[in-house]
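Analysis of the macromolecular model
The chain contents come next:
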Amino acid sequence: MVQNPNDDDLMVFLGTSGINWISEDCGGNLRALNAGKVVQEFMFHPTRRDWALAASWTSCAEFIDEPCKIYKELFVTKNLGEEWNYVQNYVYDFEWGSSQFAANKGYAIPDERIFLTRDDDAKGHQSASKTNTWSTKIDLFVSDDFCKTSTLLLESGNTIVKTPQYMFVAVSTKDEKRIQVYSSNYESGFKKIKKVRLPKDAQLSNTFTLMDTSENQVFLFIENHGELTPFGNLYISDEKGRSFTLSMPNVIKGNAVDFEKVSSLDGTFLINRYNKAD
């Protein structure tokens with residue numbers, strides 16, 4: 001289920017095999033969400049109620065007079081799925097560029113701004129997963145006109161993690177096994193991306209997890225103990241999300257990082273860590 005950030009009663013239910021539904025009265029009434037494609041990812045606009053991005057993978061049935069090519073396409077609607085317009089192909093990750101937090105602070109970001117990572121030179125099948133490897137062929141792009149034009153923002157930018165205040169990008173190293181972390185914030189419309197400053201032992205990692213940004217700073221979990229250990233370190237940033245210092249070492253990660261925010265106590269978090277016996 002995907003709930004609209006501007007209207008609590010508006011939601012989309014993503015099902016299997018392309019069977020999706022939309023409701024404008026909190027599930028009281030449903031209608032089919034028909035994109036003419038099997039929608040597998042759906043993202044409402046942060047400030048425009050009726051706008052959304054959706055992603056779908058091609059199928060061989062679509063290629064009649066040419067060889068089959070399987071890749072992910074991105075589409076946009078401005079009327080809750082009544083009409084869809086094609087945006088781009090060979091897309092890996094995507095995010096809206098606007099932010100209600102930025103608007104409340106007086107920073108104007110175009111409603112049409114989107115960020116996406118894609119392989120601009122791809123021609124055949126697209127890999128569906130970056131679980132086991134990163135790629136130097138995938139880059140981060142930004143567009144303010146739904147990819148009629150676009151600008152290369154960051155080479156080797158693979159994955160986007162965005163909140164109303166910050167945006168983080170995983171950038172592949174040349175060996176395509178590790179990543180470096182880059183960040184931007186709402187003050188630049190999320191376009192001024194720089195490599196974050198981390199302690200030396202955390203500058204190269206297998207992956208990262210954004211844990212919390214609610215206190216005008218970022219808690220970032222980084223797996224920098226090696227692929228076979230269930231531990232990582234937790235780092236805390238400055239207000240800009242640029243410079244990080246160690247907050248807690250040897251935090252345990254199983255299926256998820258053992259980190260929880262205590263909602264009733266501002267600035268209070270619970271963490272499970274490993275203490276090595278002396």
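Residues numbered from 1 in each chain as written. Predicted model: local features only at pLDDT ≥ 70, side-chain atom pairs only at ≥ 80, totals over all residues. Heavy atoms only, no water.

Regarding the overall build of the chain
- Of regular secondary structure, the chain possesses one helix and 22 strands.
- The C-alpha radius of gyration of the chain comes to 20 Å, within 12% of the 19 Å expected for a compact globule of 278 residues.
- On the principal axes, the C-alpha backbone points of the chain span a range of 65 × 45 × 35 Å.
- For the chain, the residues scored as buried account for 45% of the 278 residues in total.
- Taking the intrachain contacts of the chain between residues at least 6 apart in sequence as the baseline, contacts between residues at least 24 apart amount to 46%.
- Approximately 14500 Å² of the chain is accessible, and the part contributed by carbon and sulfur atoms is 47%. (Helix = DSSP H or I, 4+ residues; strand = E, 2+ residues; numbered from the N terminus. Rg over C-alpha atoms; globule rule 2.2 N^0.38 Å. Buried < 20%, exposed > 50% of the residue type's maximum accessible area, 1.4 Å probe, protein only. Contact = heavy atoms within 4.5 Å. Areas by Shrake-Rupley, 256 points an atom, 1.4 Å probe, with all protein chains shown as cover.)

Points about the pattern of salt bridges
- As enumerated under the stated definition, the model contains 15 salt bridges in all.
- For the salt bridge of D144 with R113, the shortest nitrogen-to-oxygen distance reads 2.8 Å. Taken together, the positions of D144 in the loop between β11 (139–143) and β12 (151–154) and R113 in the loop between α1 (100–104) and β10 (114–118) put the pair 31 residues apart, joining distant regions of the chain.
- For R113, a relative accessible area of 7% corresponds to the buried category.
- A salt bridge links K261 to E215; the shortest N-O distance between them is 3.0 Å. In this pair, K261 is assigned in strand β21 (residues 259–261) and E215 in the loop between β17 (208–212) and β18 (219–222), connecting sequence segments 46 residues apart. (Salt bridge = Lys/Arg side-chain N within 4 Å of Asp/Glu carboxyl O.)

Points about the environment of G36
- The residue G36 is located in the loop between β4 (31–32) and β5 (39–44) in this model.
- Note: C-alpha distance between G36 and N250 (214 residues apart in sequence) is 48 Å.

Comments concerning the sheet that holds strand β19 (residues 231–237)
- The four strands lie next to each other as β17-β18-β19-β20, forming an open sheet whose pairing is antiparallel. The open sheet has two free edges, formed respectively by β17 and β20 (244–252), since each of these has just one partner strand. Between one strand and the next, the sheet's axes are offset by a mean angle of 25 degrees, whatever the strand orientation.
- As paired elements, β19 and β20 share six bridges and run antiparallel to each other. Residue pairing across strands places F231 opposite I252, the latter belonging to β20. (Pairing = 2+ DSSP bridges. Axes fitted to C-alpha atoms, helices over the stretch in contact; angles between N-to-C directions.)

By themselves these figures say nothing about function.
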